[in-house]
Amino acid sequence: MKVRTKFVCQNCGHEEPKWLGKCPACGKWDTLVEEVPVPEKLQETYLPENANKAVPKPLSTIVEKDTERLSTGIREFDRVLGGGVVPGSLILLGGTPGIGKSTILLDAGMKFANRGITTLYVSGEESEEQTALRAKRLGGRTDKLLVMTATDLDGILTQASRVGPRVLVIDSIQTMYNSEIDSAAGSVAQVRECTAKLLQFAKTTGIAVLIIGHVTKDGNIAGPRLLEHMVDVVLQFEGDRSYSFRILRALKNRFGTTGESGIFSMEANGLVQVDNPAGLFLENRSENVSGSVITACMEGNRPIMVEVQALVARTPFGLPRRTSVGFDFNRLNMLVAILERRLGMDYSALDAYINVVGGMKVNEPAADLAVAAALVSAHKNMSVPRDVLLFGEVGLTGEVRRVGAPERRIADGINLGFKKFIIPRGKLTQKFTGVEIVQVGTLAEAMQQVF
Ligand code: TYD
Ligand code: MG
């Protein structure tokens, strides 16, 4: 039996049988979203079988089972998962198209298979030959991995039940089709119902299911985002396609923390783990020029050094421009205002540009001090010595505020040869010798130390 879908206005809740650009009830544009009434039998199975017969019991009487984990064989991947894939769990891997989602899961699939963990890799996007070709490029042993090209979810689950793998990979959820629902593959309704079915499958069979989901640039496609509450783990694969580095993050993890991240580099023969990410972006660092400052940002629990560049140029006419790549635009405006008001610097007739080198996106306030220093350096046309590392949040009164994990940032900076550290005032739990550590309370003090 086909299930009829309806279109519901996300603003006022008005329902229409067909899609319309404008809601006839409230008059808002582009608010109608396809929804499907969830079949009742599916709704029940969101919970484990015995959930309806449960009785309350004291927490202390519950013996926790040691969760078994299947290691993916990729250290950086395991790190993000919290040790490996938990059997019976549903994992969603999201990311923009072309970032490397198929590559990493195919690689993990081959590594599982080679260790005797039967794995079925289902692709709805590529033919079996294409998958084989990619596997060959990745250079793993490929004979043990089961692959299949299909999009009909019922057929896939029938085959999966027949071969009984311990891990099932679905590439991607947007190509899957559940014939019970009367809408196209990739629509909100299909994506949601296919995921519900896969969830039920994972929980009843104990097979770990890894789903790939495409996310558009703005990240809020009618797809993965709406699945986040249904799955056990949400992983996000990020990076800029013009650069080779990739970051894997956990946005949600029912079996571990979300603090860790994995760092990879996309090479000709697949994804390569980065062993020492701290210095990854310093390789092509510019020599003593004005406007270049290094800071230490936390990526998960590990510091990464990034180069912040600033350029100021006379505004030809009218309003000065502010442009920022890799750093929050509003924070840049705020820092310029702080420099003007608290340090008496004048940017009113200057365009100011900020760029974080290497395609990194820095969204930690700890980078404030480096951005401010880069702006001052560019303005005064004075370079910051190459062995100085700065980090700290800058407040509106021009004060420099503490940030997390200063010891780890310093320790990694020392390993990379930095000699002078300009950091916020506060107690350090570790002593560092042989380097100069300057604790500052205000932006003015920090700038005195740099220039
Ligand atoms: P892919 O895994 O297909 O991305 P997704 O599944 O997220 O859409 O990877 C896409 C890009 O990765 C592709 O454009 C080429 C590049 N790539 C390499 O550079 N080296 C490789 O070994 C592989 C397999 C892909
Ligand atoms: Mg793909």
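As the structure is a computational prediction, the values presented were derived from the model and not from experiment.

## So, the site of ligand 1
Neighbouring ligand 1 are 14 residues; Gly98, Ser102, Thr103, Glu267 and Gly270 lie closest to it. Here glycine 98 contributes a backbone N or O atom positioned 2.7 Å from an oxygen atom of ligand 1. Interatomic distance of 3.0 Å between a backbone N/O atom of alanine 268 and an oxygen atom of ligand 1. Notes on ligand 1: free accessible area 550 Å², of which the protein chains cover 78%. For the shell around ligand 1, the element with the most residues is helix α3 (residues 101–114), which contributes three residues. In terms of residue class, the shell around ligand 1 is made up of four nonpolar, six polar and four charged.

## Here's the deal with the nonpolar core
Soluble globular proteins: nonpolar side chains tend toward being buried together. Core analysis: the largest hydrophobic core is formed by 48 residues, its most contacted members being Phe327, Tyr347, Leu369, Leu375 and Ile422. Element by element, the count of residues in this core is highest for helix α9 (residues 368–380), at nine residues. Isoleucine 422 has contacts with Leu369, Val388, Leu389, Leu390, Phe391, Val438, Val440, Ala446, Gln449 and Val450, leaving out every residue within four places of it along the chain. Of all hydrophobic cores here, the second largest spans 33 residues; its members include Phe77, Leu81, Ile117 and Val169.

## Remarks on unusual backbone geometry
In this structure, the amide linkage connecting aspartate 171 to the following residue, serine 172, adopts the cis form with an omega of -5°. Structurally, serine 172 is set in the loop between β7 (167–171) and α6 (188–205). With a phi angle near 55°, asparagine 381 is a residue other than glycine that sits in the positive phi range. Position of asparagine 381 among the secondary structure elements: in the loop between α9 and β17 (388–390). Assessed through its relative accessible area of 60%, asparagine 381 is described here as exposed. Phi at alanine 405 takes a positive value of approximately 50°, unusual for a residue other than glycine.

## As for the sheet that holds strand β8 (residues 208–214)
Spatial strand order, β6-β5-β7-β8-β4-β9-β10-β11-β12: nine strands in an open sheet with mixed pairing. Either end of the sheet is taken by a strand with one partner, and the two such strands are β6 (146–149) and β12 (270–273). Put simply, the sheet's adjacent strands are angled 25° from each other on average, direction ignored. In terms of strand pairing, β7 meets β8 through four bridges, oriented parallel. Paired with leucine 168 across the two strands is valine 209, which belongs to β8. Helix α5 (residues 153–163) contacts β5 (119–123), β6 and β7 of the sheet and is inclined by roughly 165° relative to β6. Most of the contacts of α6 go to β8, to which it runs at about 160°, and overall it touches β4 (90–95), β7 and β8.

## Thoughts on the packing of α5 against α6
At their nearest, the axes of α5 and α6 sit 11 Å apart, and the two run at 15° to each other. For the element pair α5 / α6, the angle class is roughly parallel. Like other packed secondary-structure pairs, α5 and α6 cross with a definite hand, here right-handed. On α6, the residues touching Leu153, Asp154, Leu157, Ala160 and Ser161 of α5 are Cys194, Lys197, Leu198 and Phe201. Of the residues in the contact of α5 with α6, the class split is six nonpolar, one polar and two charged.

## Brief notes about the side chain of serine 123
Here serine 123 shows up in strand β5. Within the structure, serine 123 has its side chain in polar contact with the backbone nitrogen of glutamate 126 (distance 3.0 Å). Filtering out sequence-adjacent residues up to four positions away, serine 123 remains in contact with Thr131, Met148, Thr149, Ala150 and Asp171.

Calculation rules
- Residues numbered from 1 in each chain as written.
- Chains lettered and ligands numbered in written order.
- Predicted model: local features only at pLDDT ≥ 70, side-chain atom pairs only at ≥ 80, totals over all residues.
- Heavy atoms only, no water.
- Near = heavy atom within 4 Å.
- Polar contact = N/O pair within 3.5 Å; in protein donor to acceptor, adjacent residues only side chain to side chain.
- Areas by Shrake-Rupley, 256 points an atom, 1.4 Å probe, with all protein chains shown as cover.
- Helix = DSSP H or I, 4+ residues; strand = E, 2+ residues; numbered from the N terminus.
- Nonpolar A, V, L, I, M, F, W, Y, C, P; charged D, E, K, R; others polar.
- Core = buried A, V, L, I, M, F, W, Y, C linked by side-chain atoms within 4.5 Å.
- Buried < 20%, exposed > 50% of the residue type's maximum accessible area, 1.4 Å probe, protein only.
- Contact = heavy atoms within 4.5 Å.
- Pairing = 2+ DSSP bridges.
- Axes fitted to C-alpha atoms, helices over the stretch in contact; angles between N-to-C directions.
- Parallel < 35°, antiparallel > 145°, perpendicular 65-115°, else oblique.
- Left-handed = near helix turned anticlockwise from the far one by under 90°.

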